[in-house]
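Close look at the chain arrangement
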Amino acid sequence: MRVGAFALVALAVFWPDLVEAKAPAPPSPPEITWDWYKAGETYLRYKVPNPALSTRYFRKAAERGNTSAQYKLGEHYENGVGVTKNYREAYRWYRRAADSGDRYAAFKVGWFLQKGMGVRHSSREAARWYQRAADQNNPWGYHMLGFMLADGEGVRRDPAKARRYLEISVRETGDQWAKWKLAQLLQTRDPERARKLYAEAAAQGNGEARRELAAMR
């Protein structure tokens, strides 16, 4: 037993790759799944679309491990395209895609958890998945985390971090609600920037921003 333990220590010191081998990358889906994925896209874009047939091809590809098809199948279940709307099934396919590393699916998992759509509501888990999406450079992950950090929903309230994340959202998405929320956070420390953001959001049709802007005049 002592010799065995010593050997393991020696391996860990001199050949760490043998002891802590990296987990193998997930296998690529069969090439045929991309043909099925393209067929799914094509049947949605016909002059007379066939959503049911599109869903059928996305399902074939999704079941064989095609992450992009898993995301599309989630969309179809979420929106009732070619199938009956079913949030539970939508969440299941988004989760499979997210577990395979899809950053857009990670955002959707967070959204479904935050709203309790087809899965038990959990703001804490939602924040974790939004962070995962953000870590993969999905600006909408930063967007939602910015709101949660500003309001203390599912995470400890952190206005400074919320501002940083909302700055990313404003820059990358141009979303009117990101501008509105960031303006709220900046109103005391930088009223001129806040006024500009309110004006931009108001020009995009945001009624809350219009009211805030009027109150500042």
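For the structure itself, consult the block above.
Below: a short report on this structure. On a predicted model such as this, the values are computed, not experimentally measured, just so you know. (Residues numbered from 1 in each chain as written. Predicted model: local features only at pLDDT ≥ 70, side-chain atom pairs only at ≥ 80, totals over all residues. Heavy atoms only, no water.)

**A look at the overall build of the protein chain**
Scanning the protein chain for helices and strands turns up 13 helices and zero strands. The proportion of buried residues among the 217 residues of the protein chain is 39%. Of the contacts made within the protein chain by residues no fewer than 6 positions apart, 43% connect residues no fewer than 24 positions apart. (Helix = DSSP H or I, 4+ residues; strand = E, 2+ residues; numbered from the N terminus. Buried < 20%, exposed > 50% of the residue type's maximum accessible area, 1.4 Å probe, protein only. Contact = heavy atoms within 4.5 Å.)

**Regarding helix 13 (residues 207-216)**
Taken residue by residue, helix 13 has A209, L213 and M216 as its buried positions. Looking down the long axis of helix 13, one finds its buried residues gathered within 60 degrees of arc, a one-sided arrangement. Residues R211 and A215 are exposed on helix 13 and point more than 90 degrees away from its buried face. Here the buried face of helix 13 lies against helix 11 (176-186) and helix 12 (191-203). (Arc of directions from axis to C-beta.)

**Some remarks on the pattern of salt bridges**
In total, this model carries twelve salt bridges according to the counting rule given. The partner of R95 in a salt bridge is D99, with the nearest N and O atoms 3.1 Å apart. Of this pair, R95 and D99 both sit in helix 6 (residues 87-99), four residues apart, which is roughly one turn of the helix. E208 is paired through a salt bridge with R211; the nearest N and O atoms lie 2.9 Å apart. With E208 and R211 both in helix 13, this residue pair falls three residues apart, about one helical turn. (Salt bridge = Lys/Arg side-chain N within 4 Å of Asp/Glu carboxyl O.)

**As for the packing of helix 8 (residues 123-135) against helix 9 (residues 139-151)**
Packing of helix 8 against helix 9 brings their axes to within 8 Å, and their N-to-C directions diverge by 140 degrees. Taken together, the axis directions place helix 8 and helix 9 in an arrangement best described as oblique. Judged by the sense of rotation from one axis to the other, the crossing of helix 8 with helix 9 is left-handed. On helix 9, the residues that touch S123, A126, A127, Y130, Q131, A133 and A134 of helix 8 are G141, Y142, M144, L145 and M148. (Axes fitted to C-alpha atoms, helices over the stretch in contact; angles between N-to-C directions. Parallel < 35°, antiparallel > 145°, perpendicular 65-115°, else oblique. Left-handed = near helix turned anticlockwise from the far one by under 90°.)

**Re the environment of V170**
Among the structural elements, V170 can be located in helix 10 (residues 159-173). Using a relative accessible area of 15% as the deciding quantity, one classes V170 as buried. Sequence spacing of V170 and W180 is ten residues, and the spatial spacing of their C-alpha atoms is 9.7 Å. Residues contacting V170, with those up to four places away along its chain left out, are A178, K179, L182 and L197.

**So, the packing of aromatic side chains**
Per the counting criterion, the structure on display carries twelve aromatic pairs. Consider the rings of W34 and Y37, whose centres lie 5.6 Å apart with planes at 65 degrees: the pair is edge-to-face. Placement of both W34 and Y37 in helix 3 (residues 32-45) is noted, with a separation of three residues, approximately one turn of the helix. In this structure W34 comes out as partly exposed when scored by relative accessible area, which is 31%. Judged by its relative accessible area of 17%, Y37 falls in the buried class. Ring geometry for F107 versus W111: centroids 6.5 Å apart, planes at 25 degrees, classification stacked. Here the residue F107 and the residue W111 both occupy positions in helix 7 (residues 103-115), the gap between them amounting to four residues, near one helical turn. A residue is classified by how much of its surface remains accessible, and F107, at 15% relative accessible area, is buried. The class of W111 is partly exposed, set by a relative accessible area of 27%. The ring of W36 has K60 lying over it, and the distance from NZ or CZ to the ring centre is 4.3 Å. For the cation-ring pair, K115 lies above W111, with the distance from its terminal atom to the ring centre recorded as 4.8 Å. (Phe/Tyr/Trp six-rings, centres within 6.5 Å; stacked < 30°, edge-to-face > 60°. Lys NZ or Arg CZ within 6 Å of the ring centre and 35° of its normal.)

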